[in-house]
Amino acid sequence: MSIYSELYDVLVAGGGPSGVGAAVAAARNGAKVLLIEKYGFLGGMATAASVPAFCPYTDGEKVIIKGIGLEVLEAMKKESKFDSPVKDKKELIKRMYDWVPIDAEVLKRVLDNMVIDSGCKVIFHTSVSDVIYENDTVKAIMVENKEGKNIIDCKTIIDCTGDADIVVKAGGQYEYGDENDLVQAVTLCYRISNINMEALVRYFKESGDTGNLTKAVERARKNGDFNFNEKHVAGFSIQNEGVAGLNFGHVYEINPLKAEDLTRAEIESRRNIPAMLDFLRKYVPGLENAVLTSSGPMVGIRETRRIIGEYRLTVKDYFNRTEYEDTIARYAYPIDVHASTPRDVVFHDKDDEYITSKYKPGESYSIPYRALLPKGLKNVIVAGRPLSADRAMHGSFRVMPACFATGQAAGTAAAICSTENIELRQINIGKLQKLLKEQGAFLG
Ligand SMILES: Cc1cc2nc3c(=O)[nH]c(=O)nc-3n(C[C@H](O)[C@H](O)[C@H](O)COP(=O)(O)OP(=O)(O)OC[C@H]3O[C@@H](n4cnc5c(N)ncnc54)[C@H](O)[C@@H]3O)c2cc1C
């Protein structure tokens with residue numbers, strides 16, 4: 001039977017961190033699941049945009065992203081032979097779970113295996129291009145690939161496209177960026193190799209420089225050798241012996257939903273890389289002979305749409321640590337909203353919300369189930385980047401560990417609906433929470 005003629009309980013659109021969490025959770029809980037991904041591999045921004053590291057899995061004291069997200073992390077570390085250089089027990093918990101470098105090729109394979117082992121069916125090189133809906137219910141989705149257009153009927157659909165594509169096609173409401181329709185800058189992440197590891201490790205040890213290369217940037221700026229619109233390097237991660245990943249180089253005033261803007265971003269980013277390499281070679285010991293190994297494949301997108309959901313998380317909730325009866329995930333990452341224009345770049349720590357909004361170790365906030373439910377759509381649930389929230393709150397939960405967690409919650413909810421033949425809003429929240437906890441999720 002063709003993939004297009006089957007009836008699935010759950011369709012998952014998009015195979016990034018949220019899509020993987022959703023598909024695996026739904027399949028493990030007994031649903032018949034189809035995961036549709038436009039690229040030829042899973043991982044979303046981690047693999048398609050070479051984002052170099054996972055944001056923290058801990059609240060500074062203990063691991064709070066557990067379940068499927070933690071399984072992915074552990075499987076990737078095991079296969080990529082990850083070894084933290086830190087041996088101090090107190091520090092080790094953070095180093096093993098916070099800012100773990102991503103080995104993208106290992107991650108792709110880990111995610112393939114996990115999804116297949118869950119019993120979920122996957123189709124690559126296929127995009128969800130439209131939906132057919134009636135009475136607030138999506139009846140079928142349209143997919144497009146080299147075979148042409150095909151329609152797949154659906155019961156429940158989980159929108160993990162990062163851009164809320166399904167919600168928009170079904171007429172759902174959303175917000176976009178700030179009051180001027182601006183979103184965070186995009187970045188083409190890239191990998192360099194031919195690093196002298198001994199010299200690099202010695203440099204970090206002796207200078208106390210960090211993954212933002214702040215000290216190297218300071219020296220270069222004084223000498224007039226750092227002419228980028230950047231406070232510092234957003235991220236530098238040693239990914240393998242002699243290989244590092246860079247999250248470096250913002251391209252501002254881009255609308256990532258417009259192909260023309262994305263084209264400009266790709267070209268501008270590639271054009272800027274040689275100058276960035278010059279800086280790295282001159283100011284970071286060990287990188288003197290570093291070469292560019294790969295970029296992308298696509299420019300990384302931090303922000304587009306946020307759905308209007310049954311509950312809208314706000315910055316007040318972040319600072320109040322608001323608790324909900326329908327908590328389905330927790331997270332603790334600070335508010336990390338990158339500048340949209342060169343004029344918004346913040347140069348001093350005291351003005352940097354990423355620093356000023358940090359929680360104390362052991363604290364975390366709660367994400368309610370209602371923030372995943374788009375208003376007015378009965379059988380669509382959203383996970384990952386576009387949850388219902390204001391921009392500041394989005395600046396925290398948009399990162400990958402939280403996306404795995406909201407994905408797992410959406411997938412588990414969708415599976416319950418299919419087993420019990422009920423709608424997403426009829427779910428017994430206690431039952432959903434119990435199942436999530438039994439399957440490893442941390443709800444506090
Ligand atoms: C430059 C940059 C640096 C970052 N740094 C970090 C970091 O250091 N650590 C961290 O944890 N997070 C980081 N993030 C954030 C994080 O990577 C993303 O927010 C996260 O990956 C979002 O997960 P997601 O599943 O919601 O969406 P995505 O990761 O964007 O995945 C969406 C998936 O859906 C697919 N898709 C989209 N539309 C369709 C469609 N219509 N049909 C079929 N498939 C579709 C895409 O191909 C993609 O695979 C960074 C992001 C960027 C851009």
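Residues numbered from 1 in each chain as written. Predicted model: local features only at pLDDT ≥ 70, side-chain atom pairs only at ≥ 80, totals over all residues. Heavy atoms only, no water.

Student: Where do I start with the site of the ligand in this structure?
Tutor: Around the ligand, the surrounding shell holds 36 residues, and the nearest of these are Ser18, Glu37, Ala53, Val128 and Arg398. With respect to the ligand, the side chain of glutamate 37 contributes an N or O atom lying 2.7 Å from an oxygen atom. In this structure, arginine 385 approaches the ligand through a main-chain N or O atom, which is 3.0 Å from an oxygen atom. Considering the ligand on its own, with 1000 Å² of exposed area, one finds that the protein chains cover 96% of that surface. If you list the elements that add at least two residues to the shell around the ligand, you get α1 (17–28), β4 (127–134) and α13 (400–420). In terms of residue count, the dominant contributor to the shell around the ligand is α13 (3 residues). Broken down by class, the residue content of the shell around the ligand amounts to 17 nonpolar, 13 polar and 6 charged. (Near = heavy atom within 4 Å. Polar contact = N/O pair within 3.5 Å; in protein donor to acceptor, adjacent residues only side chain to side chain. Areas by Shrake-Rupley, 256 points an atom, 1.4 Å probe, with all protein chains shown as cover. Helix = DSSP H or I, 4+ residues; strand = E, 2+ residues; numbered from the N terminus. Nonpolar A, V, L, I, M, F, W, Y, C, P; charged D, E, K, R; others polar.)

Student: Is there a simple way to think about the pattern of salt bridges in this case?
Tutor: In a structure, side chains of opposite charge can pair up when their charged atoms sit close to one another. Summed over all chains, the structure comprises 29 salt bridges. Across the pair glutamate 105 and lysine 108 runs a salt bridge whose closest N-O atoms are separated by 3.0 Å. With glutamate 105 and lysine 108 both in helix α5 (residues 104–117) and 3 residues apart, this pair spans about one turn of that helix. You can call glutamate 105 partly exposed: its relative accessible area is 47%. Between glutamate 420 and lysine 431 there is a salt bridge whose closest N-O contact spans 2.3 Å. Of the two residues, glutamate 420 is situated in helix α13 and lysine 431 in helix α14 (residues 429–438); the sequence distance between them amounts to 11 residues. (Salt bridge = Lys/Arg side-chain N within 4 Å of Asp/Glu carboxyl O. Buried < 20%, exposed > 50% of the residue type's maximum accessible area, 1.4 Å probe, protein only.)

Student: What am I meant to see in the pairing of strand β1 (residues 8–13) here?
Tutor: Within a regular strand, the side chains alternate between the two sheet faces. Burial runs high along β1: 6 of the 6 residues are buried. Inspection of the sheet shows β1 paired to strand β2 (residues 33–36) by 4 bridges, in the parallel sense. Residue pairing in the sheet places valine 10 in a bridge with valine 33 of β2. In the classification by handedness, the crossover that spans β1, the intervening α1 and the parallel β2 is right-handed. (Pairing = 2+ DSSP bridges. Right-handed = clockwise from strand over helix to strand, strands pointing away.)

Student: Hey, could you run me through the sheet that holds strand β9 (residues 190–193) in this one?
Tutor: Pairing between the strands of a sheet comes from backbone hydrogen bonds, and it takes one of two forms, parallel or antiparallel. What the 4 strands build is an open sheet, ordered β10-β11-β9-β13; its pairing is antiparallel. This sheet does not close on itself; its edge strands, each paired only once, are β10 (235–240) and β13 (291–295). Within the sheet, the average angular offset between the axes of one strand and its neighbour, ignoring direction, is 30°. Sheet analysis places β10 next to strand β11 (residues 243–247), joined by 5 bridges and oriented antiparallel. Within β11, the position partnered with phenylalanine 236 by the bridge is leucine 246. (Axes fitted to C-alpha atoms, helices over the stretch in contact; angles between N-to-C directions.)

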